[in-house]
Amino acid sequence: MNFPWLLETDSKSLKSVNGSRRNSGSSLVSSSSASSNLSHLEEDSWILWGRIVNEWEDVWKKKEKQLKELVRKGIPHHFRAIVWQLLCNAQNLPIKEQYSELLKMTSPCEKLIRRDIARTYPEHEFFKEKDSLGQEVLFNVMKAYSLVDREVGYCQGSAFIVGLLLMQMPEEEAFCVFVKLMQEYRLRELFKPSMAELGLCMYQFEYMIQEQLPELHVHFQAQSFHTSMYASSWFLTIFLTSFSLPVATRIFDIFMCEGLEVVFRVGMAILQMNQAELMQLDMEGMLQHFQKVIPQQLDSGPDKVIQAAYQIKYNAKKMKKLEKEYTTIKTKEMEEQVEIKRLRTENRLLKQRIDTLEKESASLADRLIQGQVTRAQEAEENYLVKRELATVKQHNEETSAQLEQAQNAIRQLQQQQPFAKANPRYSEEFILQLERELVQARLKDAESQCALKEMQDKILDMEKRNTSLPDENNVVRLQEELIGVKLREAEALTGLKELRQQVRDLEEHWQRHLARTAGRWKDSPRKNAMSELQDELMSVRLREAEAQAELKETRQRMLELDTQNQRHSNQLRRAELEAQNLQERLQVLTNQNKMLHAELQEMKRKQAEIECKNKEDVMAVRLREADNIAAMAELQQQISELEIQVQISKESPSISPINTRSARIP
């Protein structure tokens, strides 16, 4: 080995590394002091890593496998910053130039970042002081990223990764590395608000436990100890919150080179190493074991767990297949959730519709009952009106009969006038009879006036009540009723004119009679008394004629009342029809309500069928997984047998130590 040339090369690489870290506030040891205290082995490691850094592209292309093995053994502290940047290809990102501009902007996540800074590495010298340089640069990097990626913004846990980067390099370089990690190492998907990638990691990790540690998986299931209860922080912070900083940094070296695969491997190695203890504990005991016992086991160094991690079987193709299965399951769950949400929305709308229909049904029932009550009231009023009309008609007939009798009496008087002149005695008896008839006529006239007045009051009452009834909606019927009323009114006016003409004829006849008899009865007092009686009788007859005219008017009013009664009957019929229509509509709404209830039951049945089908699918998947586990066990047994045969066939080991080969890289 040509040590002078290697030392010269390494000193150049160290100068380049120190030049890139000249402004770093987080350097823990200077290159000059470290060089003076290196052992011979460490000196070889430094020379080797110096050559790797200077010839990075060739080494990465041609000797990637040997480089990964070197990274698993640990990157020297002073090379860690430049190697991390080279591993993630973050040394010359354009976004580095925007960093200073981003710090001048305001982020909506600043309060959350300020709140969590004090919780990030609270015992580390670089971050524990409030408003220290470490806290300030950590805030700057987190704020700048929240402005670059507004969808993710800030997520609790990412500050530990940024803090580790700031312990190794300046804030601008740490920002660039963090951006690369988020974009190309699946961290962005892990830190999204939905955390869908974390669910996928839990699904894949649980499958690995079920496949490789089935007894422990059964114990976890029995204790309801879910994978996310202990492993979610492993994936979100790459063990930075679970183990001591030196151990977590060594694992982070491998993560920078190989990605999240190392988290699966280390997690399985930890479970494998602690399987016996975990099988004896309940849920609370297992939580305490993960939080206290396991970190203490790794305080001596991570080499043991890293070596065990790379004995774990990790199948990248199987992981891709599990990813597709998880995506299918989540898609189906999303579709089921959408369907359930749609069914719940439809159910809510159906309930609202049912409530509306029930309210309409109740309203229609109330209107129907109100219509029946109104109909009964109108029927009762109609009955009273008909009874009053019958009474008025009877009284009218009696008055007509009395009027006819009076007319007959007038005719008899006119016929008996010559005989009265020849027989004075008979005239006296006739006068007495006329006086009695006059008294009776006056009494009947008074009764007729009272009855007429009562009828007029009742008619006014009925008119008032009629005005409060609802207006007619049927124009055709109203026109027919109006024509009928006008015809009856014309007939009544014609009859009234005839009566008035008869009264005028009687008055003229009476005046002629007085003119003929005026000179005859002057000298005789008896004749004068008879003349007065005849005058009074004629006046009574005239009043009777007037009463008959008023009776005609009353009849006209009765006809109007009949018309109104008919209108009311029509309204009642229409109210009955409307009530019948309302009843039919109520029946239709009831049927619709039943149909909607049936549809709701059908939807519930379909939902139950979907749930049963999902359960059957899950059982089928589990059966397939059990078959796969059995097949894997058989394959493992065959592989073990083949390994035994290979070991028997080998005579001597042919693999040299990896550090010797790596030290001789040309």
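## Section: the overall build of the protein chain
Thought 1: Along the backbone of the protein chain there are 25 helices and 0 strands.
Thought 2: Within the protein chain, the proportion of its 666 residues that are buried is 39%.
Thought 3: Restricting the contact set of the protein chain to residue pairs at least 6 apart, pairs at least 24 apart contribute 80%.

## A few points about the packing of helix H15 (residues 228-237) against helix H17 (residues 261-273)
Thought 1: It is at 10 Å that the axes of H15 and H17 come closest, and there the two elements cross at 145°. Once H15 is placed against H17, the crossing between them reads as right-handed. Two secondary-structure elements touch here, H15 through Tyr230, Trp234 and Phe235 and H17 through Val263, Phe264, Gly267, Ile270 and Leu271.
Thought 2: Residue composition of the contact of H15 with H17, grouped by class: 7 nonpolar, 1 polar and no charged.

## Some points on the packing of aromatic side chains
Thought 1: Under the criterion given, the structure shown has 25 aromatic pairs.
Thought 2: Residues Tyr99 and Phe175 carry aromatic rings whose centres are separated by 5.1 Å and whose planes lie at 45° to one another, so their mutual orientation is tilted. Placement of Tyr99 in helix H7 (residues 99-104) and of Phe175 in helix H11 (residues 171-184) is noted, with a sequence separation of 76 residues between them. Each member of the pair Tyr99 and Phe175 is classed as buried.
Thought 3: Through a chain of ring-to-ring contacts, the aromatic side chains of Phe205, Phe220, Phe225, Tyr230, Trp234, Phe235, Phe239, Phe243, Phe264, Phe290 and Tyr314 assemble into a single cluster.
Thought 4: Across from the ring centre of Tyr310, 3.8 Å away, lies the NZ or CZ of Arg72, which sits over that ring.
Thought 5: Over the face of the ring belonging to Phe139 we find Arg114, whose NZ or CZ atom lies 3.7 Å from the ring centre.

## A short note on the side chain of Asn140
Thought 1: Looking at the element boundaries, Asn140 is found in helix H9 (residues 133-148).
Thought 2: Of the residues examined, Asn140 reaches a relative accessible area of 14% and is grouped as buried.
Thought 3: Aside from chain neighbours lying at most four places away, what touches Asn140 is Tyr99, Leu103 and Glu171.

## Describing the pattern of salt bridges
Between side chains of opposite charge, pairing is possible as soon as their charged atoms come close.
Thought 1: On inspection of all chains with the given rule, the structure shows 21 salt bridges.
Thought 2: We note a salt bridge from Asp303 to Arg250, for which the minimum N-O separation is 3.0 Å. Separated by 53 residues along the polypeptide, Asp303 in helix H20 (residues 303-309) and Arg250 in helix H16 (residues 245-258) bring together distant segments of the chain.
Thought 3: With a relative accessible area of 49%, Asp303 lands in the partly exposed category.

## A short note on the confidence of the model for the protein chain
Low pLDDT means the predicted coordinates in that region are not meant to be read closely.
Thought 1: Averaged over every residue, the pLDDT of the protein chain is 78; residues scoring 70 or more account for 77%.
Thought 2: Low confidence marks residues 1-39, where pLDDT is under 50. Its contacts with residues over four positions away, or in another chain, come to 53 contacts.
Thought 3: Contacts of residues 654-666 to residues separated by more than four positions or lying in other chains number 17 contacts, the stretch itself having pLDDT below 50.

## Quick notes on helix H14 (residues 214-222)
Thought 1: Taken together, the buried positions of H14 are occupied by Leu216, His217, His219 and Phe220. Looking straight down H14, one finds its buried side chains confined to an arc of 160°; they lie on one side. Facing away from the buried surface of H14 by more than 90 degrees, the exposed residues are Glu215, Val218 and Ala222.
Thought 2: In this structure, the buried residues of H14 make contact with helix H13 (196-212), H15, H17, helix H18 (275-279) and helix H19 (283-297).

## Some words on the environment of Leu493
Thought 1: On the secondary structure map, Leu493 appears in helix H23 (residues 475-517).
Thought 2: By relative accessible area, which is 45% here, Leu493 ends up partly exposed.
Thought 3: A sequence separation of 63 residues divides Leu493 from Gln556, and the C-alpha atoms of the two residues are 8.7 Å apart.

## Looking at the packing of H9 against helix H10 (residues 158-168)
Thought 1: The interhelical angle for the contact between H9 and H10, taken along N-to-C directions, is 120°, at an axis separation of 10 Å. Our classification of the angle between H9 and H10 gives oblique. For H9 against H10, the interelement crossing comes out right-handed. Contacts between H9 and H10 involve Val137, Leu138, Val141 and Met142 on the former and, on the latter, Ser158, Ala159, Val162, Gly163 and Leu166.
Thought 2: A class-by-class count of the residues in the contact of H9 with H10 yields 7 nonpolar, 2 polar and no charged.

## Considering H9
Thought 1: The terminal C-alpha atoms of H9 lie 23 Å apart, and with 16 residues this matches the ideal 22 Å at 1.5 Å per residue to within 8%.
Thought 2: A large share of H9 lies buried, amounting to 13 of its 16 residues.

## Describing the environment of Gly199
Thought 1: In this fold, Gly199 is placed in helix H13.
Thought 2: As for Gly199 and Tyr326, which are separated by 127 residues in sequence, their C-alpha atoms are 8.8 Å apart.

## Digging into the side chain of Ser232
Thought 1: You can see Ser232 is positioned in helix H15.
Thought 2: If we ignore the near neighbours within four places in the chain, the residues touching Ser232 are Leu198, Met202 and Thr227.

## Some thoughts on unusual backbone geometry
Thought 1: In this structure, Asp131 is a non-glycine residue whose phi angle is positive, near 60°.
Thought 2: Positionally, Asp131 belongs in the loop between helix H8 (110-117) and H9.
Thought 3: In this structure, Arg186 is a non-glycine residue whose phi angle is positive, near 70°.
Thought 4: Looking at the element boundaries, Arg186 is found in the loop between H11 and helix H12 (187-191).
Thought 5: Exposure remark for Arg186: the relative accessible area of 28% places this residue in the partly exposed category.

Cut-offs used in this document
Residues numbered from 1 in each chain as written. Predicted model: local features only at pLDDT ≥ 70, side-chain atom pairs only at ≥ 80, totals over all residues. Heavy atoms only, no water. Helix = DSSP H or I, 4+ residues; strand = E, 2+ residues; numbered from the N terminus. Buried < 20%, exposed > 50% of the residue type's maximum accessible area, 1.4 Å probe, protein only. Contact = heavy atoms within 4.5 Å. Axes fitted to C-alpha atoms, helices over the stretch in contact; angles between N-to-C directions. Left-handed = near helix turned anticlockwise from the far one by under 90°. Nonpolar A, V, L, I, M, F, W, Y, C, P; charged D, E, K, R; others polar. Phe/Tyr/Trp six-rings, centres within 6.5 Å; stacked < 30°, edge-to-face > 60°. Lys NZ or Arg CZ within 6 Å of the ring centre and 35° of its normal. Salt bridge = Lys/Arg side-chain N within 4 Å of Asp/Glu carboxyl O. pLDDT = per-residue confidence, 0-100. Arc of directions from axis to C-beta. Parallel < 35°, antiparallel > 145°, perpendicular 65-115°, else oblique. Expected span 1.5 Å × (residues − 1).

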